[in-house]
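Coordinate analysis (summary)
This is what each chain is made of:
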Amino acid sequence: MSASGTAAPATGGTTARSGVAATARGGWWGFLGASVNAVFGYALVALVTRGLGAYGAGAVFTGVAAFTILCNACKLGADTGLVRFVSGDLATTGGRAVGALLRSAVLPGAVASTAAAALLLLSPWTATSLLPSLAPDDAVTLVRLFAVFLPLATVTLILLGATQGYGTVIPFVGVEQIGKPVLRVLIAVPVVLLAPGVLSLAAAWLVPTVAGFVIACLALRKRRRTSPSHTSGPDTVAARRGFWAFAGPRAVSSVFDISAVWVGVVLLSSLATSEEAGIYTAVGRVVIAATLLQLAIRLAVAPEISRLLAVGDLSQACHLHRVSTRWIVLFSWPLLVLLTSFPGTVLSLFGPEFEHGAAALVVLCVASAVNVGVGNAQTVLLMAGKSSWHLAVTGVAFTVQLTVGLLAVPRLGVLGAALSWGAATVVENLVSAALVRRHPGFTIIDHGYLVATAAGLGLTMPLVLSARLLAGDTTVGLTAAVTLGMFAFGISLWRFRTPLDMRELVGVLRERAT
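Residues numbered from 1 in each chain as written. Predicted model: local features only at pLDDT ≥ 70, side-chain atom pairs only at ≥ 80, totals over all residues. Heavy atoms only, no water.

A closer look at the pattern of salt bridges
As enumerated under the stated definition, the model contains 4 salt bridges in all. Linking Asp257 and Arg250 is a salt bridge whose minimum nitrogen-to-oxygen distance equals 2.8 Å. Taking relative accessible area as the criterion, Arg250 reaches 10% and is therefore assigned buried. In this structure, Arg307 and Glu304 form a salt bridge, with 2.6 Å as the shortest nitrogen-oxygen distance. (Salt bridge = Lys/Arg side-chain N within 4 Å of Asp/Glu carboxyl O. Buried < 20%, exposed > 50% of the residue type's maximum accessible area, 1.4 Å probe, protein only.)

Rendered as structure tokens:
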């Protein structure tokens, strides 16, 4: 990988090292971005909830939920399609078809998002149905505000998917995980101090979309200028059909994916209260932060696996999947144990009323442990071209989530929403892992995986649970658990550094320091 964070092609005996090193470096960038995103996302939720209370925050984040779902629906799966097809084309032809791929991807997404925005602008009943707790005029204004920014946000995600296809995660990380979250907090601080309100804080969340679009355009332009091939191939009907045969199913499954995160907020706002929607948003933010390493590795590993499969190097693609899963398990499971042991203390940082979401946080942490345990199985399915399989899996999981949610949310509130998301997470990941194993070699259970499990859980869990039993779900207990857990975890990393492939991760940092 180059100094810019872009993966360089590898051949022969260097393929394995190149793929793992590229994933390690991209993973570090992704981890940095995911960390910043988690911290500033946490700060934004805290600002909004402190400024508006759980009721007002629930209204804002219900709008965010609907916006995010629509945005991911309107990109029509084109961003994932570009990750797969651009990386494959660069590996096989040097990038001759990239221009045609971009033309096939961007225009339909722009048209779809513009049409959805127009529908929101012209149908006030949508706003009043989505936000029945708000005054009708305020609800309509809020939804229309989100509609104005929908096309820009959609096209931005598609363009960033193309930059990922070039083997770099830096533009995506810079825009979606660092730039937007930081700008949102910087804008929200004076808004909360001077003019806190549902509409003003929603605007603070939306305004960075403009900067993100500009940066995405510039980043893609730079990648195309520096790519191996400066000429574009013909925009053939066959090429478009191949792209959309993959992107079409992904368009639907991406809606299911993002809906899994936000549908609980919508259900709570509609079937329970905006206050519970605000509490659930905070719980979801904590859970997403706990799995940030998996998200980081996913960004980096997707184009690498696509490249390896494009050149027929199945064995190294399998090796990369195993190593990346090992890293995810090693670092994520201890954090999930910590959150499961001290849910009330963690949520109390948002305010005392948010401690009511403690049981929901425990449920989602247990489900996330299953998610982490299978690695990026869904990414492997997509990069292998099995978008229709992925659609079937996510469709089943979403059906489970919606069914459980409709039954449980009216009775259990926040806990019911967590149970529905948790059930869907377990179903989706176990089925995805079973499908991935149908491909020869794509297994994750090996000596390194077992060592990662022992290092991540076997050494840290007894110390964390002991701190919980002795001090309870308190700040003192959490502090003691973190201190003892990090001590044991650090020793295990050093002791088992070879089977855990830690040298690759450390080697990337040493490269950056020289």
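Having seen it, we continue.
Digging into unusual backbone geometry
Positive phi, close to 60 degrees, is recorded for Leu76, a residue that is not glycine. Note that Leu76 resides in the loop between α1 (15-74) and α2 (78-93). Judged by relative accessible area, which is 24%, Leu76 ranks as partly exposed. (Helix = DSSP H or I, 4+ residues; strand = E, 2+ residues; numbered from the N terminus.)

Focus on the packing of aromatic side chains
Across all of its chains, the model carries 9 aromatic pairs by this definition. Plain terms: the ring middles of Phe146 and Trp205 are 6.2 Å apart, the flat faces sit at 55 degrees to each other, and that makes the pair tilted. With Phe146 in helix α5 (residues 136-165) and Trp205 in helix α7 (residues 198-206), this pair connects stretches of sequence that are 59 residues apart. Phe146 gets classed as buried once you look at its relative accessible area, which sits at 4%. Residue Trp205 is classed as buried on the basis of its relative accessible area, which comes to 12%. (Phe/Tyr/Trp six-rings, centres within 6.5 Å; stacked < 30°, edge-to-face > 60°.)

Notes on helix α20 (residues 475-495)
Relative to the 30 Å expected for 21 residues at 1.5 Å per residue, α20 spans 30 Å between its end C-alpha atoms, a close match to the ideal helical length. Those residues of α20 lying buried are Gly477, Leu478, Ala481, Gly485, Ala488, Phe489, Ser492 and Leu493. The buried residues of α20 occupy an angular sector of 140 degrees when projected down its axis, which confines them to one face. Exposed and oriented more than 90 degrees from the buried face of α20 are Thr475, Val476, Thr483, Met486, Phe487 and Trp494. (Expected span 1.5 Å × (residues − 1). Arc of directions from axis to C-beta.)

Quick notes on the nonpolar core
Judged by nonpolar contacts, the single largest core of 116 residues is most densely connected at Phe67, Leu131, Phe146, Val286 and Phe350. No other element matches the 15 residues that α1 contributes to this core. If near-sequence neighbours (up to four positions away) are discounted, Phe146 is found in contact with Val60, Gly63, Val64, Phe67, Ala202, Trp205 and Leu206. (Core = buried A, V, L, I, M, F, W, Y, C linked by side-chain atoms within 4.5 Å. Contact = heavy atoms within 4.5 Å.)

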